[in-house]
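# Observations on the three-dimensional arrangement
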Amino acid sequence: MTLVTLAQALQPALTGNYAVAGLVTLGWEDMRAYVAAAEAEGCPVILQAGPSCRAHTPLPILGKMFRHLAENASVPVVAHLDHGYTFEECQEALDSGFTSLMYDGSRKPLNQNIDETAQIAEMAHKAGISCEGEIGFVGYADGENSAGTDPEEAAKFAAESGVDAMAISVGNVHLQQDKEGGLDMQRIRAIEAVTSVPLVIHGGSGVPVAQRTELATTSKICKFNIGTELRMAFGAALRAAVNADPSRFDRVTILKETHDPLVEATRNVLRAFGPANKG
């Protein structure tokens, strides 16, 4: 069994100058392809259940799916709750066998965010698993605007919350479909100068690939969340499969044809996170 915690995946990345991909799952087809891609590349992978995934499939089922894949995988696999918004949600994920909880208090005042995240971190650590928090606010393409992470607040958050990984807002945006943005290197350097906690980039699909590699190999950013980019690859493969034969109606037959294209797209994503990304 290669199920590991987030800390067990990220601490080697921090010292080894590479990053690990946090891949946003929506169902069995993509999570299975993500593990297959990680095995092909010989690197660890973080399977993430975000809000839209949890709205479609209950957490106890997702926990079993993640753990089943991890038990049969040849590489380390993290079962991660992405953007947990309540204590109850985090508790359910813990009870469902997840090995990492991300509590998102980023919309709340600093001290409230610290206090609530610290409660989740304490709960996680008592159970022997990890906790990720967010300081600053990562906005959404065509939605809420971002609020950049203040380095002093980041230092306070890291020290007082007890998190194993810290998501920061440095020009990254959720749900971005192009890679034209680029991140604020000056802000990243200022944040990593005042903390030793592994850093996380949400909205990684919008980050240029060359910058992903640069940051993975030269900074304390050890985790990039990738969702939109791979959802687009899955959607394109699914559309091609449906259009190839309009008379077909068996979804297992149709979905089978998404596997290989999604594995290849995922392998391309994983390769960008550093030549030492071997877990």
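Structural data are supplied above this passage.
Values in this document were obtained by computation on a predicted structure and should not be read as measured data.

### Quick word on the overall build of the chain
A tally of regular secondary structure across the chain gives 12 helices and nine strands. In terms of overall size, the chain behaves like a compact globule, its C-alpha atoms giving a radius of gyration of 18 Å where 279 residues would be expected to give roughly 19 Å. Counting over 279 residues, the chain shows a buried share of 54%. Here the analysis covers contacts within the chain between residues at least 6 apart in sequence; of these, 71% occur between residues at least 24 apart.

### Some words on helix H6 (residues 110-126)
Residues three or four positions apart in an α-helix share a direction because the helix packs 3.6 residues into each turn. With 17 residues, H6 ought to run about 24 Å at 1.5 Å a step, and its terminal C-alpha atoms sit 24 Å apart, in line with that. Among the residues of H6, those classed as buried are Asn113, Ile114, Glu116, Thr117, Ile120, Ala121, Met123 and Ala124. Where H6 is buried, its residues contact helix H5 (87-95), strand E5 (100-103), strand E6 (130-135) and helix H7 (151-161). Just past H6, the residue Gly128 takes up positive phi, approximately 80 degrees.

### Structural notes on the pattern of salt bridges
Close approach of charged atoms lets side chains of opposite charge pair. What the rule picks out here adds up to 12 salt bridges. Here Lys108 and Glu116 are joined by a salt bridge, their closest N and O atoms 2.7 Å apart. You can call Lys108 partly exposed: its relative accessible area is 31%. Across the pair Glu257 and Arg248 runs a salt bridge, and its minimum N-O distance is 2.6 Å. Judged by its relative accessible area of 23%, Arg248 falls in the partly exposed class. Among the charged side chains, a network of salt bridges with common partners joins Glu41, Glu264, Arg267 and Arg271.

### Considerations on the nonpolar core
Formed by 68 residues in total, the largest nonpolar core has its most connected members in Phe98, Leu101 and Met166. If we skip the residues at most four places from it in the chain, Met166 touches Gly133, Ile135, Ala154, Phe157, Ala158, Ile191, Thr195, Val197, Pro198, Leu199 and Val200. Counting residues in each nonpolar core, the second largest holds 14 residues, with Leu14, Val20, Val78 and Ala165 among its members.

### Overview of the environment of Ala79
With respect to the helices and strands, the residue Ala79 is situated in strand E4 (residues 77-84). Each residue touching Ala79, except ones within four places of it in the same chain, is listed here: Leu3, Val4, Leu47, Phe66, Gly97, Phe98, Thr99 and Ser100.

### Here's the deal with the packing of H6 against H7
Two quantities define a packed helix pair, namely the angle between the axes and the distance from one axis to the other. At their nearest, the axes of H6 and H7 sit 9 Å apart, and the two run at 30 degrees to each other. Classified by the angle between their axes, H6 and H7 sit roughly parallel to one another. Here the hand of the crossing between H6 and H7 comes out right-handed. When H6 is examined against H7, the residues Leu110, Asn111, Asn113, Ile114, Thr117, Ala118 and Ala121 are found in contact with a partner set consisting of Glu153, Lys156, Phe157, Glu160 and Ser161. Residues belonging to the contact of H6 with H7 are distributed by class as follows: five nonpolar, four polar and three charged.

### Examining the environment of Ala210
Positionally, Ala210 belongs in helix H9 (residues 209-218). Along the primary structure Ala210 and Gly182 are separated by 28 residues, whereas in three dimensions their C-alpha atoms are 9.7 Å apart.

### Quick word on unusual backbone geometry
At Asn17, a residue that is not glycine, the phi angle is positive and equals roughly 60 degrees. Within the secondary structure, Asn17 sits in the loop between helix H1 (6-16) and strand E2 (20-25). Even without a glycine there, the phi angle at His83 is positive, about 55 degrees. Position of His83 among the secondary structure elements: in strand E4.

### Some words on the side chain of Glu192
As for its position among the elements, Glu192 is in helix H8 (residues 185-192). Using a relative accessible area of 11% as the deciding quantity, one classes Glu192 as buried. At 2.7 Å, the side chain of Glu192 and the side chain of Arg189 are in polar contact. Those residues in contact with Glu192, other than ones at most four positions away along the chain, are Leu199, Ser219 and Lys220.

### Details of the pairing of strand E3 (residues 45-49)
Counting buried positions along E3 gives five out of five residues, so the element sits mostly inside the fold. Going residue by residue along E3, you find Val45, Leu47 and Ala49 tucked away on one face and Ile46 and Gln48 tucked away on the opposite face as well. Relative to E3, E2 runs parallel, the two sharing four bridges. Residue pairing across strands places Gly22 opposite Ile46, the latter belonging to E3. Regarding the hand of the β-α-β motif, the stretch spanning E2, helix H2 (residues 28-41) and E3 is right-handed. Pairing geometry for E3 and E4, over five bridges, is parallel. Each residue of the ladder has a partner; that of Ala49, found in E4, is Leu81.

Calculation criteria
- Residues numbered from 1 in each chain as written.
- Predicted model: local features only at pLDDT ≥ 70, side-chain atom pairs only at ≥ 80, totals over all residues.
- Heavy atoms only, no water.
- Helix = DSSP H or I, 4+ residues; strand = E, 2+ residues; numbered from the N terminus.
- Rg over C-alpha atoms; globule rule 2.2 N^0.38 Å.
- Buried < 20%, exposed > 50% of the residue type's maximum accessible area, 1.4 Å probe, protein only.
- Contact = heavy atoms within 4.5 Å.
- Expected span 1.5 Å × (residues − 1).
- Salt bridge = Lys/Arg side-chain N within 4 Å of Asp/Glu carboxyl O.
- Core = buried A, V, L, I, M, F, W, Y, C linked by side-chain atoms within 4.5 Å.
- Axes fitted to C-alpha atoms, helices over the stretch in contact; angles between N-to-C directions.
- Parallel < 35°, antiparallel > 145°, perpendicular 65-115°, else oblique.
- Left-handed = near helix turned anticlockwise from the far one by under 90°.
- Nonpolar A, V, L, I, M, F, W, Y, C, P; charged D, E, K, R; others polar.
- Polar contact = N/O pair within 3.5 Å; in protein donor to acceptor, adjacent residues only side chain to side chain.
- Pairing = 2+ DSSP bridges.
- Right-handed = clockwise from strand over helix to strand, strands pointing away.

Keep in mind that these numbers describe shape and distance, not what the molecule does.
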